[in-house]
Amino acid sequence: MNTSNQVIPQSAGALTFNPDGVLFVGDSKLGAVFAFETERGQAPASLDPFLFESIDEKIAAALGVTAKSLVMNGMAVHPVTREPYLSVGVRNGDRLEPAILRVSLTGEIHPFDLSSSKVMVHQLSDVPDEDATFKSRAGTFPYPPASYFDEKARTPIRSMTIVDLKFHDGEVFVAGVSNQEFSSTLRRIVYPFTGAASETQLEIYHVAHGRYETRAPIRAMQFATLDGVDTLVAAYACSPLVTIPVSELQHGSKVRGKTIGDMGNGQPISMVAYRDGDEDKLFITNLGRGPMIVPLSGVRSAEGFTPENRPAQGPMLDQSPFMPAGPVGKQVLFVGSSLRADLFSDKFFVSLTRYADTGDLTLETLMVSPLPARLDKIWVEFDFPGVEFARKHAA
């Protein structure tokens, strides 16, 4: 543990808040979690929807850089003010400099002071070596050219030390990798930081791959009470959905998660817990496919997948009739690609969305129900004169 204001993040990735407005920042490069006190502020009188176009250009202007130099890494909504906080990397030669921005509910950009003295730092143990890199998959696919796979392979494995953060029941849960035999690791850190932490190495059965896996980390996670049991719900790349009772996440343990389904090829980015009417659901965004909405009722009653009950022999890619597998909900209409998502209110998500028609990066609120989509972006029968649409859901 370190409470000195001389330690500042070397990278800014995953973000999360605790209910008191403490902002936790994952720094994979340093292998540390920072806990910044923020102004608690006042709850807004109303939570009105917003749409801030070209948010990357506005962030770039606030930082005095170009929009092309920005890499969007994380987002979390302040529990009181409901303002989104964004973490970015700013390209500076071969380095990425960290920055965090607070976005007001009127669209103003406020850089966050990463040198604040109101900070605690927890240094993670067993982080990957700085020089450790991935293997190249050149030759395994006909495209793109080998040089692209080689460039990907030069990425430091340490960059995945912290992939996702969540605050739950007084602890910061850190999903990522370590230098252990099972590199896929879930860390638990009590807050306020005392130096105490636990590490659990994770193993899962990957339905599409047809094998047990211990290396690739959790990409996105949430917590739910399933049949009275406090449970971690996790999404992995390619994209298994897994549950693990929190009580099993003990220091030094090697735990096999229960794989309840597979959403199909892709890479989950955000997992948002919300309530739709009288039903608890998960909204899971994905780099390689549209968002999935997963009712927890299906997760609660799901049986786990194993080699014995795998529905097919051989690879199970997206065109397999057995994919998606298990109670992984449904893919829903979403225009553009959500790079990050969080819950803004009981009626709206907030999404950092890239739109295909313009290339614009927009920070916006989208309806929790019936569709998290911009209907002004698509043309359908109801846009034509003379067609009536019975609207049943208020915005």
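In case you missed it, the structure is sitting above this.
Here the residue numbers are simple positions, counted from 1 along each chain's written sequence. At least 70 in pLDDT is required for a residue's local features to be given in this predicted model, at least 80 for side-chain atom pairs to be given and counted, and no such filter applies to totals for whole chains, interfaces and linings, which use all residues. Side-chain metrics rest on all non-hydrogen atoms present in the structure, leaving aside hydrogens and water.

Participant: What's the story with the overall build of the protein chain in this structure? I'm lost.
Facilitator: Under the scheme used here, helices are H or I runs from DSSP no shorter than 4 residues and strands are E runs no shorter than 2 residues, and both carry numbers assigned from the N terminus. Along its length, the protein chain carries three helices and 26 strands. Between the two quantities, the radius of gyration covers C-alpha atoms and the globule rule is 2.2 Å times the number of residues to the power 0.38. Computed over C-alpha atoms, the radius of gyration of the protein chain comes to 21 Å, within 12% of the 21 Å expected from 2.2 N^0.38 for 395 residues, which places it in the range of a compact globule. Buried positions account for 49% of the 395 residues belonging to the protein chain. What makes two residues a contact is simply this: any of their non-hydrogen atoms within 4.5 Å. Long-range contacts, defined as pairs at least 24 residues apart, comprise 54% of the intrachain contacts of the protein chain with a sequence gap of at least 6. When accessible area is computed with a 1.4 Å probe and restricted to protein chains, residues below 20% of their type maximum are described as buried, those above 50% as exposed, and intermediate ones as partly exposed.

Participant: Looking at this structure, I do not really get the sheet that holds strand E8 (residues 109-111). What am I missing?
Facilitator: Sheet strands associate in pairs through backbone hydrogen bonding, adopting either a parallel or an antiparallel arrangement. Pairing between two strands is assigned when DSSP locates at least 2 bridges connecting them. The sheet built from four strands is open, its strands ordered E5-E6-E7-E8 with antiparallel pairing. Strands with a single pairing partner mark the edges of an open sheet, and in this sheet they are strand E5 (70-77) and E8. Geometrically, the sheet is characterised by an average inter-axis angle of 30 degrees between neighbouring strands, direction not taken into account. The pairing of strand E6 (residues 84-92) with strand E7 (residues 95-103) spans eight bridges and is antiparallel. Across the sheet, Arg91 pairs through a bridge with Leu96, a residue of E7. To get an axis, fit a line to the C-alpha atoms, keeping to the stretch in contact for a helix; angles then go from 0 to 180 degrees between the N-to-C directions.

Participant: Could you clarify how one ought to interpret a positive patch on the surface in this entry?
Facilitator: Taken together, the side chains of Lys135, Arg137, Lys152, Arg211 and Arg215 make up a positively charged region of the molecular surface. Residue placement: Arg211 occurs in strand E14 (residues 211-213). Patches here: salt-bridge-free residues with over 30% relative accessible area, like charges joined within 9 Å, nonpolar side chains (Val, Leu, Ile, Met, Phe, Trp, Tyr) joined within 5 Å. Exposure was quantified through the Shrake-Rupley algorithm and a 1.4 Å probe, taking into account, for residues, occlusion by the shown protein chains and nothing else. Here, a salt bridge means any side-chain nitrogen of Lys or Arg that lies within 4 Å of a carboxyl oxygen of Asp or Glu. Only four residue types enter the charge count, namely Lys and Arg as positive and Asp and Glu as negative; His and the chain termini do not. To locate a charge, take NZ of a lysine, CZ of an arginine, CG of an aspartate or CD of a glutamate.

Participant: What is the right way to look at the nonpolar core in this model?
Facilitator: In globular proteins that are soluble, nonpolar side chains generally tend to be buried together. Formed by 22 residues in total, the largest nonpolar core has its most connected members in Ile55, Ile59 and Leu363. Contributions of two or more residues to this core are made by helix H1 (55-63), E5, E6, E7, strand E25 (348-354) and strand E26 (361-367). Among the elements that line this core, the one with the most residues is E5, at four residues. Sequence-distant contacts of Leu363, that is, excluding residues within four places in its chain, are made with Phe50, Leu51, Phe52, Ile55, Met75, Pro84, Val103, Val350, Ser351 and Leu352. With 17 residues, the next largest nonpolar core counts Val233, Leu241, Val294 and Val299 among its residues. By nonpolar core is meant a set of buried Ala, Val, Leu, Ile, Met, Phe, Trp, Tyr and Cys residues that side-chain atoms within 4.5 Å join together.

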